[in-house]
Amino acid sequence: MAKSKNIEMITGDPKKAIIKLALPMMLSMLLIMLYNLADSIWVAGLGSDALAAIGFITPLFMVLIGLGNGIGAGANSLIARNIGAKNHAGANNAALHGIVLSVIVSVVFTVLIEAFMVPILQFMGASETIGYAMDYSYIIFGFLLVFVYSGVASAIFRSEGDMRRATIAIAVTAIMNIVLDPIFIYILNFGIAGAAWATVLSATLSCAVMSYWMWGKKDLYLDLSFKNFSYSSRMMIDTLQVAIPSTLENIVFSALAIIINGMLVLASGTMAVAVYTASMRIVQMCMIPLIGLGTAVLTVAGVAYGAHNYNNLKTAHSYSIKVGFAISIALGAVMYIFAPQIASVFAYTSASASLAPEIATALSVLTLFVLAVPHGMMSSMMFQGVGKGTYSLIITLARSLILESVFAYIFCFMFGWGVTGIYVGILVGCFVGGTLGYLWAKFFIRKFKQISIKKYEPQKE
């Protein structure tokens with residue numbers, strides 16, 4: 001059966017498992033980035049203010065997505081560790097805890113975010129574009145449950161190695177969003193609100209598909225019948241130990257984006273925010289292989305840790321970094337060479353034509369960001385896989401919120417390099433922080449080897 005092959009795959013050769021898990025995830029992330037890029041491209045036709053509004057909302061949207069991905073990462077890690085330990089009942093219960101947690105968290109945060117939307121946007125400096133931002137944000141954040149549940153459901157499929165259906169679900173979201181964007185924005189004349197409605201409706205359809213597979217078709221390795229749910233404080237805490245730090249990591253990225261947006265406004269005005277927003281959407285597309293590899297590492301590391309398999313954990317970490325650097329070099333070169341052509345896709349209306357040259361310039365510098373990411377990202381995802389979400393959070397805090405923002409400030413304002421200095425500072429901070437995370441991960445793996453040997457030596461005797 002396919003489900004048995006999936007389990008054999010994630011408990012076998014870590015190199016093969018990472019590639020088999022990563023490739024579909026790369027496709028999934030490509031589709032996600034394409035529909036994010038589609039939002040930017042279609043909204044760019046409304047003018048730079050509308051595109052800048054998306055730039056202000058994106059950090060908050062990352063928090064929204066982070067809620068689902070964070071709980072999903074916690075559930076994924078716990079399920080994978082139970083699978084590695086051959087505890088099927090524990091894996092079932094872990095998945096159900098993730099689903100219950102997604103509903104509770106969604107309700108709480110929907111109320112909080114909707115209540116404080118206006119002051120949040122004002123604090124972020126979106127005064128000139130707040131009308132556009134409000135039209136978009138109230139719709140997106142009003143349907144928080146759809147996005148959180150989607151992230152958790154997708155993680156459940158990934159945790160048992162079922163990347164095919166996890167990819168199909170994401171494909172449904174992405175393709176529908178790309179199709180609906182121009183219809184809602186221009187044909188139905190909803191403007192920027194149309195982009196939000198297209199995203200919500202697409203994600204809702206994806207949730208319906210995954211729910212059918214889990215409770216209608218019922219052919220997963222995991223049995224998600226609620227008769228298998230038995231509330232466990234330990235499981236809830238274990239899930240949250242990865243979920244909370246993982247979610248906070250997305251908040252860190254959002255905080256960094258707010259800080260960078262603020263620096264850009266001070267250095268060159270809201271036009272610089274629009275340029276940075278468009279440029280980073282393109283850079284993020286080139287990071288798709290790294291995100292795919294990292295997601296694969298989470299599952300494989302979790303299984304290896306649950307099985308007390310030091311060699312598989314070490315191999316998963318080092319192999320993913322090597323593959324990540326190789327792919328990043330290739331994609332970085334392509335992005336640098338074709339920066340003008342890539343930037344031109346934003347210049348299809350007179351309102352957005354002036355953005356293209358600025359975007360091309362930004363891309364020529366930010367290309368290097370892709371090369372600064374692999375070792376830090378794989379180390380963070382390895383920590384999430386073994387249930388050490390706090391370690392991953394510390395790496396992200398040091399790399400993004402502290403080092404990237406500090407270096408960006410130094411190069412921009414103290415060295416007087418302006419907007420280019422902000423880009424350079426982001427690159428330097430990311431690489432230095434990632435290197436610290438990599439060294440910490442190597443130390444952790446060596447300690448894990450020593451603990452595993454001590455634990456099992458008496459049994460061998």
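So, here's what we can say about the structure. Note that the structure is a prediction, hence the values are computed from the model and not measured. Once a new chain begins, its residue numbering starts again from 1 and follows that chain's sequence as written. Local features in this predicted model are restricted to residues whose pLDDT is 70 or higher, and side-chain atom pairs enter the listing and the counts only when it is 80 or higher, whereas totals over whole chains, interfaces and linings include all residues. Only heavy atoms go into the side-chain values, all of them from the structure, while hydrogens and water stay out.

1. Quick notes on the overall build of the chain
Helix and strand definitions follow DSSP, with helices as H or I runs of at least four residues and strands as E runs of at least two, each counted in order from the N terminus. Counting secondary structure elements, the chain contains 18 helices and 0 strands. Each radius of gyration reported is based on C-alpha atoms, and the globular scaling rule is 2.2 Å times the count of residues to the power 0.38. Taken against the 2.2 N^0.38 rule, which gives 23 Å for 461 residues, the C-alpha radius of gyration of the chain at 22 Å falls within 12% of a compact globule. Dimensions along the principal axes, computed over C-alpha positions, put the chain at roughly 75 × 50 × 35 Å. A burial count over the chain gives 57% of its 461 residues as buried. We call two residues contacting when some pair of their heavy atoms lies within 4.5 Å. Contacts spanning at least 24 positions in sequence make up 83% of the contacts within the chain whose residues lie at least 6 apart. Relative accessible area decides the class of each residue, using a 1.4 Å probe on protein chains only: under 20% of the type maximum gives buried, over 50% gives exposed, and in between gives partly exposed.

2. A short note on the packing of aromatic side chains
Planes of paired rings set the category: under 30 degrees apart is stacked, over 60 is edge-to-face and the rest tilted, where pairs are Phe, Tyr or Trp rings (Trp by its six-membered ring) whose centres lie within 6.5 Å. Applying the stated rule across the entire model yields 17 aromatic pairs. With centroids separated by 5.8 Å and ring planes inclined at 80 degrees, the aromatic side chains of phenylalanine 157 and tryptophan 213 adopt a geometry described as edge-to-face. One end of the pair, phenylalanine 157, is in helix α7 (residues 144-159); the other, tryptophan 213, is in helix α9 (residues 192-217), with 56 residues separating them in the sequence. Tryptophan 213 carries the same exposure label as phenylalanine 157, and that label is buried. With centroids separated by 6.0 Å and ring planes inclined at 15 degrees, the aromatic side chains of tryptophan 215 and phenylalanine 226 adopt a geometry described as stacked. Remark: phenylalanine 226 occurs in the loop between α9 and α10 (233-268) and tryptophan 215 occurs in helix α9; sequence separation between them is 11 residues. Here phenylalanine 226 falls in the partly exposed class, since its relative accessible area comes to 45%. Among the aromatic residues, those joined into a ring-pair cluster are Tyr305, Phe383, Tyr391, Trp440, Phe444 and Phe448.

3. A closer look at the side chain of threonine 199
With respect to the secondary-structure elements, threonine 199 resides in helix α9. One polar contact links the side chain of threonine 199 to the main-chain carbonyl oxygen of alanine 195, over a distance of 3.0 Å. Setting aside residues up to four positions removed in sequence, threonine 199 forms contacts with Tyr35, Asp39, Phe61, Tyr136, Ile140, Phe147 and Asn177. Think of a polar contact as two N or O atoms within 3.5 Å of one another; within protein, one of them needs to be a possible hydrogen donor and the other a possible acceptor, and neighboring residues in sequence only count if both atoms come from side chains.

4. Points about the packing of helix α16 (residues 374-385) against helix α17 (residues 389-414)
Whenever a helix is involved, its axis is fitted only over the stretch in contact; in every case the axis is a line through C-alpha atoms, and angles between N-to-C directions fall within 0 to 180 degrees. For the pair α16 and α17, the least separation of the axes is 7 Å and the interaxial angle reads 155 degrees. Relative to α17, the element α16 is oriented roughly antiparallel. For the crossing formed where α16 meets α17, the hand is left-handed. On α17, the residues that touch Gly376, Met377, Ser380, Phe383 and Gln384 of α16 are Gly389, Tyr391, Ser392, Ile395, Thr396 and Arg399. When residues are sorted by character, Ala, Val, Leu, Ile, Met, Phe, Trp, Tyr, Cys and Pro go into the nonpolar class, Asp, Glu, Lys and Arg into the charged class, and all the rest, Gly among them, into the polar class. Taken together, the residues of the contact of α16 with α17 break down into 4 nonpolar, 6 polar and 1 charged. The labels follow the angle: roughly parallel below 35 degrees, roughly antiparallel above 145, roughly perpendicular from 65 to 115, and oblique for the rest. If you view the pair so one helix is near and one far, a crossing is left-handed when the near helix is turned anticlockwise from the far one by less than a right angle, and right-handed when it is turned clockwise.

5. Topic: the pattern of salt bridges
One speaks of a salt bridge when a side-chain nitrogen belonging to Lys or Arg is within 4 Å of a carboxyl oxygen belonging to Asp or Glu. Under the defined criterion, the tally for this structure stands at 4 salt bridges. For arginine 81, the salt bridge goes to aspartate 238, with nearest N and O atoms at 3.2 Å. Here arginine 81, found in helix α3 (residues 48-84), pairs with aspartate 238, found in helix α10; they are 157 residues apart in sequence, far enough to count as distant. With respect to class, arginine 81 is no different from aspartate 238; both count as buried.

6. Concerning α10
In this analysis, the expected span of each helix is defined as 1.5 Å times one less than the number of residues it contains. Across its 36 residues, α10 extends 50 Å between first and last C-alpha, which sits within 8% of the 52 Å expected from 1.5 Å per residue. Across the chain, bend at a residue is computed as the angle between axes fitted to the seven residues ending at that point and the seven starting from it. The largest bend in α10 is about 30 degrees, located at leucine 240. Glycine 269 lies just past α10 and shows a positive phi near 90 degrees.

7. Thoughts on a nonpolar patch on the surface
Each patch groups residues whose relative accessible area exceeds 30% and which form no salt bridge, using 9 Å between like charges and 5 Å between nonpolar side chains of Val, Leu, Ile, Met, Phe, Trp and Tyr. Per-residue and other accessible areas follow the Shrake-Rupley method at a 1.4 Å probe size, with only the shown protein chains counted as cover for residues. Taken together, the side chains of Leu266, Tyr409, Phe413, Met414, Phe415 and Trp417 present a nonpolar region at the surface, about 710 Å² in accessible area. Looking at the nonpolar patch, the element that brings in the most residues is α17, giving 3 residues. Structurally, the position occupied by leucine 266 is in helix α10.

8. A few points about the environment of aspartate 13
Position of aspartate 13 among the secondary structure elements: in the loop between α1 (2-11) and α2 (14-44). The class for aspartate 13 is partly exposed, based on a relative accessible area of 37%. Sequence separation of aspartate 13 and alanine 316 is 303 residues, and the distance between their C-alpha atoms is 9.2 Å. Among the polar contacts made by the side chain of aspartate 13, one reaches the main-chain amide nitrogen of lysine 15 at a distance of 3.0 Å.

9. A short note on unusual backbone geometry
The bulk of non-glycine residues show a negative phi, and the bulk of peptide bonds are trans. A positive phi angle is found at asparagine 189, which is not glycine, with a value near 60 degrees. Within the secondary structure, asparagine 189 sits in the loop between α8 (163-187) and α9. Asparagine 189 sits in the exposed class, given a relative accessible area of 63%. The backbone phi angle of histidine 308 is positive, close to 55 degrees, even though this residue is not glycine. If you trace the backbone, histidine 308 turns up in the loop between α12 (288-306) and α13 (310-337).

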